[in-house]
Structures are given as structure tokens and as C-alpha cells.
Amino acid sequence: MLGYYLDLALRSLKRSPVLTALMVLAIGLGIGASMTMITVLHVMSGDPVPGLSSKLFVPMLDPRDAAHAAAQTRGPDTPDGFTWTDVTNLLRANRADAQAATAAGYAAVRPANPDMHPYFADGQYVTAEFFRMFAVPFQAGAGWTPEQDRDRARIVVLNTGLARKLFGGADAIGKAVNLNHMEFRVVGVLQDWHPQPAFYKQKGSRIYGGADDFFIPLDTALATKFGINGHTSCWGNGDDGGDSLTSGHCTWAQFWVRLDTPAKVAAYRRFLDNYWHAQQDHGRFPRKDSPPHLYGLMAWLAHEKVIPANLSMQMWLAVGFLAVCMLSVVALLLAKFLRRSGEISVRRALGARRRDIFVQFGIESALIGVAGGVLGLLVAQFGLWSIRQRPDGYAHLAHMDVPMLAGTVALAIIASVLSGLLPAWRACQVPPALQLKAQ
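The text that follows walks through the structure, step by step, so that each part is easy to find. (Residues numbered from 1 in each chain as written. Predicted model: local features only at pLDDT ≥ 70, side-chain atom pairs only at ≥ 80, totals over all residues. Heavy atoms only, no water.)

1. As for the state of the cysteines
Scanning the model with the defined rule gives one disulfide in all. Through a disulfide, Cys 234 is tied to Cys 250; the S-S separation comes to 1.9 Å. A torsion of 115° about the S-S bond marks the disulfide between Cys 234 and Cys 250 as right-handed. Of this pair, Cys 234 sits in strand E10 (residues 233–234) while Cys 250 sits in strand E11 (residues 250–251), and the two are 16 residues apart along the sequence. The class of Cys 250 is buried, set by a relative accessible area of 0%. (Disulfide = S-S within 2.5 Å. Helix = DSSP H or I, 4+ residues; strand = E, 2+ residues; numbered from the N terminus. Buried < 20%, exposed > 50% of the residue type's maximum accessible area, 1.4 Å probe, protein only.)

2. With respect to helix H14 (residues 402–428)
Counted at 1.5 Å a residue, the expected span for H14 with its 27 residues is 39 Å, and the 38 Å between its end C-alpha atoms agrees. Considering bend angle alone, the principal kink of H14 is centred on Leu 421 and spans about 35°; proline Pro 423 follows within four residues of it. Those residues of H14 lying buried are Met 404, Thr 408, Ala 412, Ala 415, Ser 416, Ser 419, Gly 420, Pro 423, Ala 424, Ala 427 and Cys 428. (Expected span 1.5 Å × (residues − 1). Bend = angle between axes of the 7 residues up to and from the residue.)

3. Quick notes on the nonpolar core
Formed by 66 residues in total, the largest nonpolar core has its most connected members in Phe 130, Phe 134, Phe 215 and Trp 256. At eleven residues, helix H2 (residues 17–44) tops the list of elements feeding residues into this core. Aside from chain neighbours lying at most four places away, what touches Phe 215 is Gln 124, Val 126, Phe 130, Phe 131, Trp 144, Ile 155, Val 156, Val 157, Leu 190, Trp 193 and Tyr 200. Ranked by size, the runner-up nonpolar core spans 47 residues in total, among them Phe 57, Trp 84, Val 87 and Ala 121. (Core = buried A, V, L, I, M, F, W, Y, C linked by side-chain atoms within 4.5 Å. Contact = heavy atoms within 4.5 Å.)

4. A word on unusual backbone geometry
With a phi close to 50°, Asn 94 is a non-glycine residue in the positive phi region. Within the secondary structure layout, Asn 94 lies in the loop between helix H4 (84–93) and strand E2 (98–110). Residue classification places Asn 94 among the partly exposed residues on the basis of a relative accessible area of 47%. Located in the positive-phi region is Phe 285, a residue other than glycine, with phi close to 50°. Along the polypeptide, Phe 285 turns up in the loop between helix H9 (262–281) and strand E13 (293–296).

In C-alpha cells:
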């Protein structure tokens, strides 16, 4: 019977090619627009470190006074980062399975090759456990030790792109790199590591886009006065200097911990509460209504709103456009099916059940959906291509993977079947006696 219904559906579609083309076009445009934006949000909201994200957490401490917190555009309950005082205290306490402080930065790179001009490169200033905690893959060499952190060693880990640019295919380990007119020794080369989004960066840095070119010890960056790329916010005129990065009155760093079990997560929450109360006893954290928080990685990305709000709005507009297209298809199918009342009545008189009529028209709707899905896939690919031409950091991520390809076709079939439910139901309710009498 299925083959028979398919044959009937194809014959019906061929009898009205213009109407069929309009329905396929409506579904194709709706599916293409919605899947373009859904794909972009899918790749932007994915897990940047699968298998590890459930163990990564961000503590959040708010040392700001009430006046400065109220002046912040992001709201009084959201600090801008960590102060150096809190970073050093938490590192010294060492209560996590692994912990690391980070800050986004940049440096002028002066290649040894005289034919190459100096240029600026983006990088990260990190503490020693950064590479182990985030399971960063190395192509050669390794990171550094906590002792080298404390000694402010002039060492650097290069991402494979910068290593290739500076040294070609040669081994870079042990060689010197000139950063901001200072010599740094290469101790490691990464395997082109660039998780998307770059979760370890402070908002305001390039969360989406290319990989960081280099990584140097955070203490070394402070000692050599490397520039900070992230958001720095200072307040007050404390004795420790309210305008200095090493002040307890400036937030600028990020702090991450890895906690391998739920028990350790609970223990670290208690530690943060105790730390907060102890610092209040020393005159810090003046806001009693701002206790510490501990965010999981995915919760932190949601809290930081790393996905631009305009993209979410565009997705809902695209979904709304799909709904309008579905309503148009419902109207066209309803007109098409009811116009065939005579045919339906003859089939009913010859013994066809209402269920048979419903299945017949449902298959016809599904065929329209498959054709619309193919067109929608082409429209979505064109939409993603146009997004990749934009200068936004996330633009290069706009590619459709296998789940999204399958989702496009599935959505098209579901949309067309849903659109065909009402017309098919109305068609099978046609009273055959009245139609036959009219004939």
C-alpha cells in the first residue's frame, strides 16, 4: 500500500506544479533560515572541553564596595574578575585538585628572520597548572613548574601556528623568542589548541576566534609589565594602591579550579565561605549581601552570556518565520485537498477508510517536506557561508555538522507533516454521499 500511496502523491504533485513549488519554497525558506541560526547557536553553545567540563569550576568573589558595584553596568552582583590579592591567597591555599589563574594579554613578536616584520600576537598569562588542569595537548615539550612561576622565569609555550611561523618545521624547544624586546625560551609547543568558546578568557577578550599564540607565566608577565587585554576595574584609594594590578582594589584576573568529585565541590564551597568571612574580619569584602559563588563551566558560560544577545533574537525571528511558512503551507494544502473532494468521495464509496485517506494525504505532505528539506539544506548552507564572510570572531565556526544535517531534513519532514495534519484530517471528514450526489 505504501508504494500505491507514493504513486498517488507523486501524480497529485505533478498535476499542480506551481502550487507544489510554492509549498516546497515556503518550507525550504523557513527551514533554511531557522537552521542557519540554530546551527550557529549550536556550535557556539557546545561543550568546549567534552569529558572534562563537569569537573571545572569558577569561584566568584566580590570585593567591591557598594558604590563601585552600583556603578557597574553589568549589575551589582557580578564582579569583573579577581583581584591579585585573592588570586595569590587561593593559590596558596591549594584546596582544589588543580587550580590556575589566567589573564589575556598581547606582546610584540620580533622574528629572528630579518625578512619578517615585527607584529603583535595575542596570548595568555597563566600559572603552572593551567595545562594539566585543562588537559591541553602538547606537540612537543611541556609546561612549567610552580617553582618557575615563583622565579618569574622567562619561558614560553607556543601554539603550533606561531611556532610554525617563527621556526618553520624545525624543532622550537629550547629556542629563543623575542617578546616585547625580551628573550623567552620555548619550553613547549601545543597541538593547535583553541577550544570554542575560549572559556578560560575573561569576557571582553576574544572568546571566539583564533587560538592564543603564546602562554607565559603570570608572575613573569606582571614583573615585565606585559599588557592586559581583559577588563580591568579599579576603585578606592587603598594603601596598597588602587590603580595597580597587584592591588586588592583592582579586578582583572580569572581563576579556575578542577574538582574531581561532588564531595570536593561541596568542600570547596565551604572553603570559599570560610575565606569570605575571614577576609571580612580583615576589613575586606564590605558588602554583606554578596556571598561567594562557585559556577560549573557551562553555568559560567551562561552567566557570562558569551552568546551575543542579537544571535538569540535572530534565531527566534527565524523560528517565527518558519511558523509563518508552516501556516502558509497549511492554507495551501487545505485548499488543495478540499478541492479533491470528489476524488475522495469516490475512493470512500469504493471501500477506502478514513484512515486510508488520512495516510494518503499525510504521505503527500511528507514528500513536500522532503523536497523542502533539500531546498532548506541548500538555503542553510548559503546562509552559513554568508555568516562566515562576516568579521565576527564566531563567524568561522558557522559550519553544519552531521547532526545538524540530519536535523534539517528531520525538521522539514516534521514541519510538513504537522502542516498536513489539519488538511488531511479535514479531507477524510468529507461526506462522500453529498459529493457523489453532486456529481
